[in-house]
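Each chain, letter by letter, is given below.
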Amino acid sequence: MSAAKGGIIRRTSGDYMGMLATVINAVAMQEALEHMGLDVRVQSAVEIKEVCETYIHRKAIRHLEKGRIVIFAAGTGNPFFTTDTAATLRAIEIGADLIVKATKVDGIYDKDPHKFEDAQKIDVMGYNEALIGNIEVMDDTAISLAKDNKLPIVVCNMFKKDNLLHVIKDQQGVFSMVK
Ligand code: GTP
């Protein structure tokens, strides 16, 4: 049993630990992308100024205008908010066209595809349907925020080569969309 599940680590501390872990991941991702010749900035919602920039909305926009990739780390900086919610919030703040949830499943199914052979992938689903259906790939807070701001959500499998490219090219069948 993990320390968090055993009740040793309280939720608030656990969430802050998680936020710090995303900063480590963001710096690793920055290094990997820069190694490929891309221009990348990391902005953290929790100030760790020796490591990376602190999140400043207007500065993030300037980076994007200059063609840089911006990695938003440390969630919203608040416990009890998931990374999905943080990603949705930042996507809305920067005026993104869509949010891509790259995960281990290749879309949203009408029933568990691991348990039911006849499970059907749903290509397009409404926000309300996603909320009522309690889809597991994204939490309700994130879906509600996306719904209120008319931000489409794409769910795709990050382990399949070129999937993000397929999403950008709108190649049907490789993802599900909530809109
Ligand atoms: P311009 O304003 O377009 O020049 O943007 P820039 O990001 O190239 O310039 P800036 O001088 O702000 O940043 C230079 C480098 O320092 C970039 O890699 C930033 O990510 C990094 N940097 C900027 N502010 C901070 C900070 O507060 N802490 C850390 N650790 N790095 C920072």
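Predicted, not measured: the structure shown is a model, and the values here were computed from it. (Residues numbered from 1 in each chain as written. Predicted model: local features only at pLDDT ≥ 70, side-chain atom pairs only at ≥ 80, totals over all residues. Heavy atoms only, no water.)

Draft legend 1. View of the sheet that holds strand β7 (residues 124–125). If you walk across this open sheet you meet the 4 strands as β4-β8-β9-β7, and the pairing is mixed. Of all strands in the sheet, those bounded by a partner on one side alone are β4 (99–103) and β7. The pairing of β4 with strand β8 (residues 153–157) spans 5 bridges and is parallel. Residue pairing across strands places V100 opposite V154, the latter belonging to β8. (Pairing = 2+ DSSP bridges. Helix = DSSP H or I, 4+ residues; strand = E, 2+ residues; numbered from the N terminus.)

Draft legend 2. Just the UniProt feature "domain: Aspartate/glutamate/uridylate kinase" (unreviewed entry) in the protein, in detail. The sites that carry the UniProt feature "domain: Aspartate/glutamate/uridylate kinase" (unreviewed entry) are, in the present numbering, residues 13–157. Strand forms 19% of residues 13–157 and helix 41%; the C-alpha atoms that close the span are 30 Å apart. (UniProt positions renumbered as here; feature names shortened; annotations may be inferred.)

Draft legend 3. Up close: the sheet that holds strand β3 (residues 69–73). Strand order in the open sheet formed by 3 strands is β2-β1-β3, and the pairing between neighbours is parallel. Two strands close off the open sheet at either side, each with one partner strand: β2 (53–54) and β3. Bridge count for strand β1 (residues 40–44) against β3 is 5 bridges, and the pairing is parallel. Within the sheet, the bridge partner assigned to R41 lies in β3 and is V70.

Draft legend 4. View of the site of the ligand. Near the ligand, the surroundings consist of R41, K49, E50, V51, C52, E53, K59, H63, K66 and R68. Contact distances for the ligand include 3.1 Å between an oxygen atom and a side-chain N or O atom of K59. The contact in question runs from an oxygen atom of the ligand to an N or O atom on the side chain of K66, over 2.3 Å. Starting from 620 Å² of accessible surface for the ligand in isolation, the protein chains cover 50%. Each residue belonging to the shell around the ligand can be placed in one class, and the counts come to 2 nonpolar, 1 polar and 7 charged. (Near = heavy atom within 4 Å. Polar contact = N/O pair within 3.5 Å; in protein donor to acceptor, adjacent residues only side chain to side chain. Areas by Shrake-Rupley, 256 points an atom, 1.4 Å probe, with all protein chains shown as cover. Nonpolar A, V, L, I, M, F, W, Y, C, P; charged D, E, K, R; others polar.)

Draft legend 5. How the structure looks around the side chain of D106. Mapped onto the elements, D106 comes out in the loop between β4 and β5 (108–109). Side-chain polar atoms of D106 contact the side chain of Y109, separated by 2.9 Å. In terms of polar contacts, D106 uses its side chain to reach the side chain of K160, at 3.2 Å.

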